[in-house]
Amino acid sequence: MKLFLIYINILAYFTFSLCASSQNWPIIIGDNTDINNATLIEDYDKGYLLSNWILDNNGYSKYGSILKTDINGSVLWEKTFGNGNYTVYFSSARRTKDNSIIISGSIGKYDNEVYLHDPLFLKLNVCGEVEWCTVLHKEGSNGNDYGIRIIQLDSNNYIGMIKYYGSQVQTVRISLVKLDGFGNPVWIQNLAQEDSTVSNEEGYDLLLTTNSNLLVAGQGMRSALRPYFILCNDEGDELWNFAWENELWSGASDRVVEKDSGIFYASGAGKFNNNYFHPALFKFNSNGQGEYYKLLLGDSIRGGGACPLAIINDTSFAIGYNWGTDPNPNYGNSEISVIDTLGNIIYSRLLIEQVLVPDNIIKTYDGKIVVTGDYYINGNNWDIHFWKMNDQLVDDSLYSRIFTYDSLCPYSIESDTIDLNCGIFVDINDIPINGNQFQQLSIFPNPSSDYISIEAIPGTNCEIKILNFLGKTVHKVELPDTGKVLCNTMGWNKGIYIVSLFCQHKYICSKKLIVN
């Protein structure tokens, strides 16, 4: 009897041990919260850091979220940004060289309408606390502008990518802004302004290349929708841009990676002479020349596209996509594949029967593949589904090894909600256009109490606009041939104003004015 009990105990022990390390994927994050994932990184301690946005009942983003999990996907803490009364949206997050977190997104706190928002760039320290927060306000726009990506250029500077440019949304749709180590904008460069054959361009991804150049991947219209790429130097000057044409009738790109030095691959969608897009892989070189593309599933499916893309090894990628065969637009499959460099599928796995494409794919330190996707299950709410699998796309097992998380923070990181009060608030028109930093514009006296004299280089059809801190125009006057304007500021509210020079409706330069 005693031996029997010992046997039972041993059996129970091994059964528990096996259960404790058995497969436990996918992890579902969200519970009763409508949450969507923007970016995913493997953190310095082998946990995972997710940037997200949380939706309100009307489908708008009301909070941004930075969420940390352990290596098995269990949530350790979540920092939520906003107060529910204005929109906050996070589009990307990265660790910096000092292991701080830089974030791109948008915020509606400084707009009069609830669902309008401005580009937002944010830096958190290693404990998830706000180090600086920069908002680029727009004047005269009734739309939404976004910070799409931010990367670290060097130890003291960052490059952010902006989608749209205030009231100039029809002509300026992709911009790069350089921020110093404190979040102050140094310059802004508006891209795709020289090629009049491309319109409605969109930038979706930003990559720092091995040559320290900046590569934008997205789409643009040139007779039809095209995969569109722009290469810039680290000062934002365009080296080349090209819209993918060849025999591909139409298409778009989404994510981009550098496989070898100067050899790039992008995920996206393409189609020939039919009505359906198909998941696609594109290859091009550092000279802006398309080398190869492949429709991953052929051209017989009824709609689909590829989004997340990760390098697995020298000969393969992991790529996520959606596709369908039914004419019902709500029917489809969310899928991941391991492919070779020609786009041939080696392994494939259905994630879930929904028309949505997965969000992110990364390769871990030990060669595993982690995938996230947002899905709306049974009409309840949006959740993040979180898979971890091996390079043959089979679910990984839980790790029993003990890891120490967030060791760089001297105290335990707690979940909380932060109402963002951004200390750096800049009118987007106040940032010097790169190359125009030295345009002459003088204001005297500054600070002012009753009048100012404005002097600028005269040009054709020029005017002076003065904006308050909310981005509203409080004074506007044509610049005469003398280049001098006298303005009465008596009765103005005390505070900071922006004096901007426009010529032929094009922004030239700005300076700050203090009224006291």
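Counting from 1, residues in each chain are numbered in the order their sequence is written. Where totals are concerned, whole chains, interfaces and linings use all residues; where local detail is concerned, this predicted model gives features only for residues with pLDDT of at least 70, and gives and counts side-chain atom pairs only at 80 or more. Side-chain metrics in this entry use all non-hydrogen atoms of the structure; hydrogen atoms and water are not considered.

A.B. asks: Teacher, can you tell me more about the sheet that holds strand S2 (residues 35-42) here?
C.D. replies: The pairing of strands in a sheet comes from backbone hydrogen bonds and takes either a parallel or an antiparallel form. Between any two strands, at least two bridges found by DSSP are needed for them to pair. Under the DSSP-based scheme used, a helix requires at least four consecutive residues in state H or I and a strand at least two consecutive residues in state E, with every element numbered from the N terminus. With mixed pairing, the five strands of this open sheet are ordered in space as S2-S3-S4-S5-S29. With one partner strand each, in any of the chains shown, S2 and strand S29 (416-418) form the two edges of the open sheet. The average angle at which neighbouring strand axes cross in this sheet is 20 degrees, direction not considered. Two elements, strand S3 (residues 48-55) and strand S4 (residues 61-69), share eight bridges in a ladder whose sense is antiparallel. Bridging from a neighbouring strand, Trp-53 pairs with Gly-64 of S4. Angles here are taken between N-to-C directions and fall from 0 to 180 degrees, while the axes themselves are lines fitted to C-alpha atoms, restricted in helices to the stretch in contact.

A.B. asks: Teacher, can you tell me more about the environment of Asn-213 here?
C.D. replies: Secondary-structure assignment places Asn-213 in the loop between strand S14 (199-208) and strand S15 (214-222). Relative accessible area decides the class of each residue, using a 1.4 Å probe on protein chains only: under 20% of the type maximum gives buried, over 50% gives exposed, and in between gives partly exposed. Looking at Asn-213, the relative accessible area reads 16%, which means it is buried. Through-space distance from the C-alpha of Asn-213 to that of Gly-236 is 8.7 Å; in sequence the pair is 23 residues apart. Other than its neighbours up to four places away in sequence, Asn-213 contacts Leu-207, Leu-208, Leu-231, Cys-232, Asn-233 and Leu-239. Pairs of residues are marked as contacts when any of their non-hydrogen atoms sit within 4.5 Å.

A.B. asks: Explain the confidence of the model for the protein to me, please; I cannot follow it from the model alone.
C.D. replies: Segments scoring low in pLDDT should not have their predicted coordinates read at a detailed level. Confidence scores labelled pLDDT are given residue by residue by the predictor and lie between 0 and 100. The share of residues in the protein with pLDDT of 70 or more is 88%, and the mean pLDDT across the chain is 87. Confidence drops under pLDDT 50 across residues 1-22; counting only partners more than four residues distant or on other chains, this segment forms five contacts.

A.B. asks: Any chance you could explain the side chain of Asn-157 here in plain terms?
C.D. replies: By the element assignment, Asn-157 lies in strand S11 (residues 157-163). Discounting chain neighbours no more than four positions away, the residues touching Asn-157 are Gln-152, Lys-178, Leu-179 and Asp-180.

A.B. asks: Any chance you could explain the state of the cysteines here in plain terms?
C.D. replies: Where two cysteines share a covalent bond between their sulfur atoms, that bond is called a disulfide. Defined by distance alone, a disulfide is two cysteine sulfur atoms within 2.5 Å. Scanning all chains against the criterion turns up three disulfides. Covalent S-S linkage joins Cys-127 and Cys-409, the inter-sulfur distance amounting to 2.0 Å. For the disulfide bridge between Cys-127 and Cys-409, the dihedral angle about the S-S bond is near 110 degrees, and by the sign convention the bridge is right-handed. With Cys-127 in the loop between strand S8 (118-124) and strand S9 (130-137) and Cys-409 in the loop between strand S28 (382-389) and S29, this residue pair connects regions lying 282 residues apart in the sequence.

A.B. asks: Any chance you could explain the packing of aromatic side chains here in plain terms?
C.D. replies: The relative placement of two aromatic rings is captured by the distance of their centres and the angle of their planes. Pairs were defined over the aromatic rings of Phe, Tyr and Trp, the Trp ring being its six-membered one, requiring ring centres within 6.5 Å. Orientation was assigned from the angle between planes: stacked under 30 degrees, edge-to-face over 60, tilted for the rest. Under the criterion given, the structure shown has 22 aromatic pairs. Relative to Phe-284, the ring of Phe-264 lies with its centre 5.5 Å away and its plane at 25 degrees, an arrangement referred to as stacked. A residue pair is termed long-range when its members are at least 10 positions apart, and Phe-264 in strand S19 (residues 263-271) and Phe-284 in strand S20 (residues 278-285) qualify at 20 residues. Using a relative accessible area of 2% as the deciding quantity, one classes Phe-264 as buried. Residue class for Phe-284 comes out buried when judged on its relative accessible area of 0%. When the ring of Trp-492 is compared with that of Tyr-497, the centres are 5.2 Å apart and the planes differ by 45 degrees; the resulting orientation is tilted. Three or more aromatic residues link up through ring pairs in this structure, and these residues are Phe-229, Trp-240, Phe-242, Trp-244, Phe-264, Phe-282, Phe-284 and Tyr-293. Comment: the charge-over-ring label is applied if NZ (Lys) or CZ (Arg) is within 6 Å of the ring centre and within 35 degrees of the ring normal. Lying over the aromatic face of Phe-277, Lys-271 brings its terminal NZ or CZ to 4.5 Å of the ring centre. Here the basic side chain of Lys-465 rests over the ring of Phe-502, its NZ or CZ set 4.7 Å away from the ring centre.

A.B. asks: Would you mind showing me how to read the pairing of strand S23 (residues 316-323) here?
C.D. replies: Along any regular strand the residues' side chains alternate between the sheet's two faces. By the criterion of burial, S23 is predominantly enclosed, with seven of the eight residues buried. The pairing of strand S22 (residues 304-313) with S23 spans seven bridges and is classified as antiparallel. Bridging across to S23, Gly-304 finds its partner in Trp-323. With antiparallel pairing between neighbouring strands as the criterion, S22 and S23 make up a hairpin whose turn holds two residues. Sheet topology places S23 next to strand S24 (residues 333-340); eight bridges connect them, and they run antiparallel. Along S24, the bridge assignment pairs Ile-319 with Ser-337.

A.B. asks: When you look at the environment of Gly-343 in this model, what are you seeing that I'm missing?
C.D. replies: Looking at the element boundaries, Gly-343 is found in the loop between S24 and strand S25 (345-352). The class of Gly-343 is buried, set by a relative accessible area of 1%. Residues Gly-343 and Tyr-293, 50 residues apart in the sequence, show an inter-C-alpha distance of 7.9 Å. Setting aside its immediate chain neighbours within four residues, Gly-343 contacts Leu-281, Lys-294 and Leu-296.

A.B. asks: Where do I start with the pattern of salt bridges in this structure?
C.D. replies: Any two side chains of opposite charge can pair, given that their charged atoms come close. What counts as a salt bridge is simple: a side-chain nitrogen of Lys or Arg found within 4 Å of a carboxyl oxygen of Asp or Glu. Enumeration over the complete set of coordinates arrives at 19 salt bridges. Between Arg-222 and Glu-245 there is a salt bridge, with the nearest N and O atoms lying 3.4 Å from each other. Placement of the pair is Arg-222 in strand S15 and Glu-245 in the loop between strand S17 (238-243) and strand S18 (250-260), with a sequence separation of 23 residues. For Arg-222, a relative accessible area of 18% translates into the label buried.

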